[in-house]
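Chain and residue survey
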Amino acid sequence: MNNKKEQKPVTSGMVAEVSGASYIVISDDGTEFRSRTFPGTKTDNGDTTLVAVGDRVQLKLVDTGTDISEAIITLVLPRRSALTRKRDVRRNRSKEKTQVIAANIDQLVVVVSAYDPLLNTRLIDRYLVFAESEQLDTIIVVNKMDLEDSTETRKMMRPYHALGYTVLYTSAEKKRGMKPLKKALAGKLSAVSGHSGVGKSTLINLLFGHDRLKTGETNEKTGKGLHTTSNSVMLLLPGGGYIIDTPGIREFNLSDITRENLRFYFKEFLTYMTDCAYSSCSHTVEPECGILRGVEAGRIDSERYESYLAIYESIDRDS
Ligand SMILES: Nc1nc2c(ncn2[C@@H]2O[C@H](COP(=O)(O)OP(=O)(O)OP(=O)(O)O)[C@@H](O)[C@H]2O)c(=O)[nH]1
Ligand SMILES: [Mg+2]
Ligand SMILES: [Zn+2]
């Protein structure tokens, strides 16, 4: 091992964990390096988080004279994709405008719970807009199926099946529905996201068969989770592929979506858009709108359309 280090002082790898100013990087040969940046660390990613979980980085190895492998991050490579959130200004000590939660992901796993917290399809729709815009595969996982009447839940999820999204039903509590999830994750780099307390970390622990991550209790009074996971962590899955656990979110912000391009990320709109009288139709107030007609005739799900309107309204007019 030491010989190899001397011959090859520079290597590349993937960031698995971030804790403060220290990073755990797994090099391409599988060695874990405790790493840090230096004022000369280069990046191609602009005003965003300098180093995020999932990032591909180049390392300069540090000779510690011990068994611990340490390295300096010299370069952060451009990201193929990024799950981001707006920076919390109160906690922001750096210049970054956008915080990267997970980088270079192939697949987004959106976890919702059937109950506690209540199933929220608005949030699913926001994630799907993001996933469509970034061309990521998406899996929707409805967890805590032990707590709710499954017919109602499945009815709410029907539009997503119809649109061709993968919808999986699980109960981490009863260890049910895990096989299809394992299969869907194999060989890919997936990030798991969703509200706090829906069971993201519990599901990931089950994939390993033992606890790798801390899990929490949902807050009985508010029904809201207590934000147990505070940092993203990437783990190598037993069946191949990587999974990134991320902290629960309150709202998913769509920073790169505009009022003009939003319509392209509701994929059921594409077939009816040609029926709109105006080519630039926003599908909100215009007469002779193919989408509105589709909603009225029941060909487009009205809840999905409501989500479109809500997202449209939430996007700044001039963005
Ligand atoms: N009844 C039931 N409870 C579950 C299930 N899955 C998870 N829980 C419980 O839900 C609570 C929250 O689980 P976590 O895995 O910590 O949730 P999380 O999504 O990782 O939350 P954050 O890390 O805060 O984002 C814990 O008390 C779990 O035991 C399930 O399928 N059924
Ligand atoms: Mg968690
Ligand atoms: Zn229209």
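Rules used throughout
- Residues numbered from 1 in each chain as written.
- Chains lettered and ligands numbered in written order.
- Predicted model: local features only at pLDDT ≥ 70, side-chain atom pairs only at ≥ 80, totals over all residues.
- Helix = DSSP H or I, 4+ residues; strand = E, 2+ residues; numbered from the N terminus.
- Buried ≥ 20, exposed ≤ 12 C-beta atoms within 10 Å, placed from the backbone.
- Domains from an automatic or database assignment.
- Core = buried A, V, L, I, M, F, W, Y, C linked by C-beta atoms within 7 Å.
- Contact = placed C-beta atoms within 7 Å.
- pLDDT = per-residue confidence, 0-100.
- Near = placed C-beta within 6 Å.
- Nonpolar A, V, L, I, M, F, W, Y, C, P; charged D, E, K, R; others polar.

With respect to the element layout, Asp29 can be found in the loop between strand E2 (22–27) and strand E3 (32–43). Its 10 C-beta neighbours within 10 Å are what place Asp29 among the exposed residues. Separated by 74 residues in the primary sequence, Asp29 and Ala103 have C-alpha atoms spaced 20 Å apart.

We note that the domain assignment places domain 1 (2–78), domain 2 (105–245) and domain 3 (262–314) within the protein chain. A C-alpha centroid distance of 46 Å is found between domain 1 and domain 3.

Attention now moves to the nonpolar core. One finds Val15, Val53, Val141 and Ile244 to be the most contacted residues of the largest nonpolar core, which totals 71 residues. The biggest single contributor to this core is helix H2 (residues 121–133), with seven residues. Setting aside residues no more than four positions away along its own chain, Val141 makes contact with Val109, Val110, Val111, Leu168, Thr170, Leu181 and Leu203.

Once that is clear, we can look at the confidence of the model for the protein chain. Regions with low pLDDT should not have their predicted coordinates read in detail. When the pLDDT values of the protein chain are averaged, the result is 90; 91% of them are 70 or greater. Between residues 3–7, whose pLDDT stays under 50, and residues either more than four places distant or in other chains, the model counts one contact.

All right, on to the site of ligand 1 then. Around ligand 1 sit 24 residues, and of these Glu173, Gly199, Thr202, Thr229 and Gly248 come closest. When residues in the shell around ligand 1 are grouped by element, the largest group, three residues, is from helix H5 (residues 200–208). Here the residues of the shell around ligand 1 are counted per class, giving four nonpolar, 15 polar and five charged.

Attention now goes to H5. Within H5, burial applies to Lys200, Ser201, Thr202, Leu203 and Ile204. Turning to H5, the residues buried within the fold contact strand E8 (107–113), strand E9 (137–143), strand E11 (189–193) and strand E13 (242–245).

Glancing now at unusual backbone geometry. Of note, the amide linkage connecting Asp116 to Pro117 takes the cis form, showing an omega dihedral of -5°. Mapped onto the secondary structure, Pro117 falls in the loop between E8 and H2. Within the chain, Asn104 stands out as a residue other than glycine whose phi angle is a positive 60°. Considering the arrangement of structural elements, one finds Asn104 in the loop between strand E7 (98–103) and E8. For Asn104, a count of 22 C-beta atoms within 10 Å gives the class buried. A positive phi angle, near 60°, is found at Lys144, a position not held by glycine. Along the chain, the position of Lys144 falls in the loop between E9 and helix H3 (150–162).

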